[in-house]
Amino acid sequence: MKNNFEALIASYIENKVGISENFLSDDLANNLKQNLLALQQKSLLIEAGTGNSELISYDSAVRSDSIYWLDKKNNNSFENDFFKQIEDFIIYLNQSCYTGITGYEFRYSFYEKGDFYLKHLDQFKNNPSRKYSMISYLNSNWQSSDGGELLIHQPNNNQKITPTQGKTVFFKSNELVHEVLVTHNTRMSITGWLKCD
């Protein structure tokens, strides 16, 4: 597991975008994906907005995905395994990079065919607690024709990242403008933030 942690950190230091191809095992990714699909079938996902609870707005011309917040109170064994891995990563990150992360929040993100999310930053104007963004993908057998890439805008080189299962992306929340390109297939992930509250 430490190899996956180090892969995220090393690639982040090199390029401001950390990538670990196998941060989630296939078993964990598949089980999380089944959780998400069950929530979607039960109509428990909600429309995603922009902004935080104090300044939230909804505009399907900006983003069109649906979400469901993960919560330890649900006591889902697979989500608890995910939380444990994130907590281990935070310990490793704090010890190796002195980041001072004190908490986190994560949610499922579900994009249906035709969904997208336009250019944005992940840090709120009225709350700077989000320090690092993390996205773990749950899409097996993803093809280039499926679209749905994460496009990260950098000064000299935009980076397009395919949302393949097990892959996790890591970057500073207040630095990099990014977007989700139109997806041509169902696209699933766990998206969240490491925080200093």
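Conventions used here
Residues numbered from 1 in each chain as written. Predicted model: local features only at pLDDT ≥ 70, side-chain atom pairs only at ≥ 80, totals over all residues. Heavy atoms only, no water. Helix = DSSP H or I, 4+ residues; strand = E, 2+ residues; numbered from the N terminus. Polar contact = N/O pair within 3.5 Å; in protein donor to acceptor, adjacent residues only side chain to side chain. Contact = heavy atoms within 4.5 Å. Buried < 20%, exposed > 50% of the residue type's maximum accessible area, 1.4 Å probe, protein only.

**Structural notes on the side chain of His-153**
Residue placement: His-153 occurs in strand 7 (residues 150-153). Here Glu-179 takes part through its side chain, which lies 2.7 Å from a polar atom of the side chain of His-153. Aside from chain neighbours lying at most four places away, what touches His-153 is Lys-119, Asn-158, Leu-176, Val-177, His-178 and Glu-179.

**Structural notes on unusual backbone geometry**
Backbone geometry at Ser-43 places phi at a positive 60°, although glycine is not the residue there. Within the element layout of this structure, Ser-43 appears in the loop between helix 2 (26-41) and strand 2 (46-47). Owing to a relative accessible area of 62%, Ser-43 belongs among the exposed residues under this scheme. Of note in the backbone geometry, Asn-141 takes a positive phi value of approximately 55° without being a glycine. With respect to the element layout, Asn-141 can be found in the loop between strand 6 (130-137) and strand 7. The class of Asn-141 is exposed, set by a relative accessible area of 67%.

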